[in-house]
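Below are the chains, spelled out letter by letter.
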Amino acid sequence: MILPGFDPLVQPIISSEILQPLSKASLQLDFISSAFAHPVEWKVEPIFADSFQADVLGHHGVIKAAVFVALVQRPAGVHVVFTRRASHLYDHAGQISFPGGRIESTDTDAIAAAIRETHEEIGVAPEFIDIIGTQPSFLTSTRFTMKPVIGAIRPGFTISPDRTEVAEVFEVPLSVLMDTGVHRLHQASLPGGGHRYYFSITWKSYFIWGATAALIRNFYHYLAAAQSKLA
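Residues numbered from 1 in each chain as written. Predicted model: local features only at pLDDT ≥ 70, side-chain atom pairs only at ≥ 80, totals over all residues. Heavy atoms only, no water.

### Details of the sheet that holds strand β1 (residues 13-14)
Sheet architecture is open: 4 strands sit in the order β1-β10-β11-β12, paired in antiparallel fashion. Edge positions in the sheet fall to β1 and β12 (206-209), since each has one partner strand and no second. Pairing between strand β11 (residues 195-203) and β12: 4 bridges, direction antiparallel. In the strand pairing of β12, S200 is matched with W209. Packing of helix α5 (residues 210-230) onto the sheet brings it into contact with β10 (183-189), β11 and β12, and relative to β12 it is tilted by some 75°. (Pairing = 2+ DSSP bridges. Helix = DSSP H or I, 4+ residues; strand = E, 2+ residues; numbered from the N terminus. Contact = heavy atoms within 4.5 Å. Axes fitted to C-alpha atoms, helices over the stretch in contact; angles between N-to-C directions.)

What follows is the structure, given as structure tokens:
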């Protein structure tokens, strides 16, 4: 849970390992699609190994959610779509997120929820979405389980944000997100003792942190494993 007055930008940064770089080929849509079509053995981010057990452990009293990791082919390479949440929202106000939200009883599964929420939040019609695969759910400190759904958005789509939920929609190059040299590991002290850890990624004026950054870090681990096996 985020405590009143907590500022994620100023928490101490501790050393973390800079991992093997991904090749340009491993950042292409065809490789990513192949990596999910032919699953490889891999390990989740070790710092958050327990949080990434949400699918296996089946926690009670949590809110299940799905997010869409939307990949867009641009002339300079693949980009990833993010939203900045409206400042008046009760949950995660003003934070950088993937499009997504709660899995409703009317959704057949997490994939359906991610597609629906993406349409509702940023206006991308389902017919422009190609699903590539899913990754392990992440249990957040606010007791949400976030299921990442990976997919590509085909050319011709339009963005029409729901301004009641979304303040801004923007894209970040996948090459930036997958560069572990820009991943910063923070250690924040808790009032009752102990520490909380989280990753952050800064790109231009955007500060991506918390669960969203953890999902990005995990996506790197999967592509790195696929690169070693398939490339």
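On we go.
### Comments concerning helix α3 (residues 110-122)
Helix length check: α3, at 13 residues, gives a terminal C-alpha distance of 18 Å against a target of 18 Å (1.5 Å per residue), a fit within 8%. Among the residues of α3, A110, A113, A114, R116, E117, T118, E121 and I122 are the ones counted as buried. Of the surrounding secondary structure, the elements contacted by the buried residues of α3 are β2 (63-74), β3 (77-85), β5 (100-102), β6 (129-134), β8 (144-153) and β9 (166-173). Regarding α3, its N-cap is D109, as a side-chain oxygen of that residue lies 3.2 Å from the backbone nitrogen of I111 further along. Just downstream of α3, G123 is the residue with a positive phi angle, here 80°. (Expected span 1.5 Å × (residues − 1). Buried < 20%, exposed > 50% of the residue type's maximum accessible area, 1.4 Å probe, protein only. Polar contact = N/O pair within 3.5 Å; in protein donor to acceptor, adjacent residues only side chain to side chain.)

### What to know about the packing of aromatic side chains
In this structure the tally under the stated criterion is 11 aromatic pairs. A ring pair is formed by F82 and F98, whose centres lie 5.0 Å apart and whose planes are at 25°; its orientation type is stacked. You can see F82 sitting in strand β3 and its partner F98 sitting in the loop between β4 (96-97) and β5, a full 16 residues away along the chain. For F98, a relative accessible area of 5% puts it in the buried group. Through a chain of ring-to-ring contacts, the aromatic side chains of F82, F98, F170, W203 and Y206 assemble into a single cluster. (Phe/Tyr/Trp six-rings, centres within 6.5 Å; stacked < 30°, edge-to-face > 60°.)

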